Amino acid sequence: IRVITAINLLKTHKYEQAKEEFNHILDSPYHKDYMVKTELIYYYLAKIHYAQNNYEEAIRLLRSAKVSEKETHFTVKYLYLTAKIFWKLNRERNALDYIRTINKLACNQKYQYKTLLLELEIHNQLYTSNTIQLLLNKIIPYFKDNADLHEKYKCYGLLQDIYYRMRMYKQSADYLKQMVLIKEKTSNYILKK
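First things first, this report covers the structure right here in the doc. The residue numbering used here restarts from 1 in each chain and proceeds along that chain's sequence as written. Given that the model is predicted, a residue must reach a pLDDT of at least 70 before its local features are reported, and side-chain atom pairs must reach 80 or more before they are shown or counted; all residues, however, enter totals for whole chains, interfaces and linings. The side-chain quantities take in all heavy atoms of the structure and omit both hydrogens and water.

**Regarding the packing of aromatic side chains**
The geometry of an aromatic ring pair is captured by two quantities: the separation of the ring centres and the angle between the planes.
And step 1. Here the aromatic set is Phe, Tyr and Trp, taking the six-membered ring for Trp, and pairing holds for ring centres within 6.5 Å; pairs whose planes are under 30 degrees apart are stacked, those over 60 apart are edge-to-face, and all others are tilted. Taken as a whole, this structure holds 11 aromatic pairs when the rule is applied.
And step 2. Ring geometry for Y50 against Y55: centres 5.8 Å apart, planes inclined by 50 degrees, an arrangement best described as tilted. We note that Y50, like Y55, is buried.
And step 3. Between the aromatic rings of Y164 and Y169, the centroid separation amounts to 5.3 Å while the plane-to-plane angle is 65 degrees, which identifies the pairing as edge-to-face.
And step 4. Three exposure classes are used, based on accessible area relative to the maximum for each residue type with a 1.4 Å probe and protein chains only: buried under 20%, partly exposed in between, and exposed over 50%. According to the relative accessible area criterion, Y169 is partly exposed, its value standing at 44%.
And step 5. The lysine or arginine in question, R165, covers the ring of Y127, its NZ or CZ lying 3.8 Å from the ring centre. Here, a charge over a ring is recorded when the distance from Lys NZ or Arg CZ to the ring centre is within 6 Å and its angle to the ring normal is within 35 degrees.

**Topic: the packing of helix 9 (residues 149–165) against helix 10 (residues 169–185)**
And step 1. Only the stretch in contact is used when a helix axis is fitted, and all axes are lines through C-alpha atoms; the angle between N-to-C directions ranges over 0 to 180 degrees. Numbering goes from the N terminus for both helices and strands, where a helix is a DSSP run of H or I of at least four residues and a strand is a run of E of at least two. Between helix 9 and helix 10, the least distance of the axes is 8 Å, while the angle of their chain directions is 160 degrees. Taken together, the axes of helix 9 and helix 10 lie roughly antiparallel to each other. Seen from above, helix 9 lies across helix 10 with left-handed handedness. Across the interface between the two elements, L149, K152, Y153, Y156, G157, L159, Q160, Y163 and Y164 of helix 9 pack against Y169, Q171, S172, Y175, L176, Q178, M179, I182 and K183 of helix 10. For classification purposes, angles smaller than 35 degrees are called roughly parallel, those larger than 145 roughly antiparallel, those between 65 and 115 roughly perpendicular, and all remaining angles oblique. Note: crossing handedness is left-handed where the near helix turns anticlockwise from the far helix by less than a right angle, and right-handed where it turns clockwise. Should any heavy atoms of two residues lie within 4.5 Å, those residues are counted as being in contact.

Set out below in structure tokens:
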């Protein structure tokens, strides 16, 4: 219950409270008995520090998570967040190195698509008609088929932004409506753009 509470605090941007909860879990001698992955707690703490623009601490926590992680699925999550941080720090080469590592692991289609979008952003190719086709023909159908409304919402947000930048305001408004529909469908969940 404490982990779910901490995750919900993170999703509602109550970062200091979430940080306290996660640290309390880490300090508890029983957290491994309850099968709470220490690496995953480090990941959530890194997400908090990322949201607070404390990138160096986030990278430190992600390194700690990656060192002892044995499951590739989680490793990919840690690598992706690390790539995003390096991109925020204007360290393009480091970000691309992490993206290449994720692509080599090729275990998680969701993160393959997310890293592809990040790579396009790094190369200044995100706001193109090719990205629109990629989103419409591959990425959004994948998230739709896997009932991943959070990622679908973010993709619609990206489409809305691309069309807006291309001065195609009607299409931009159409995707904004799609985002509102998803928001209404998932009123019990928190979607972050």
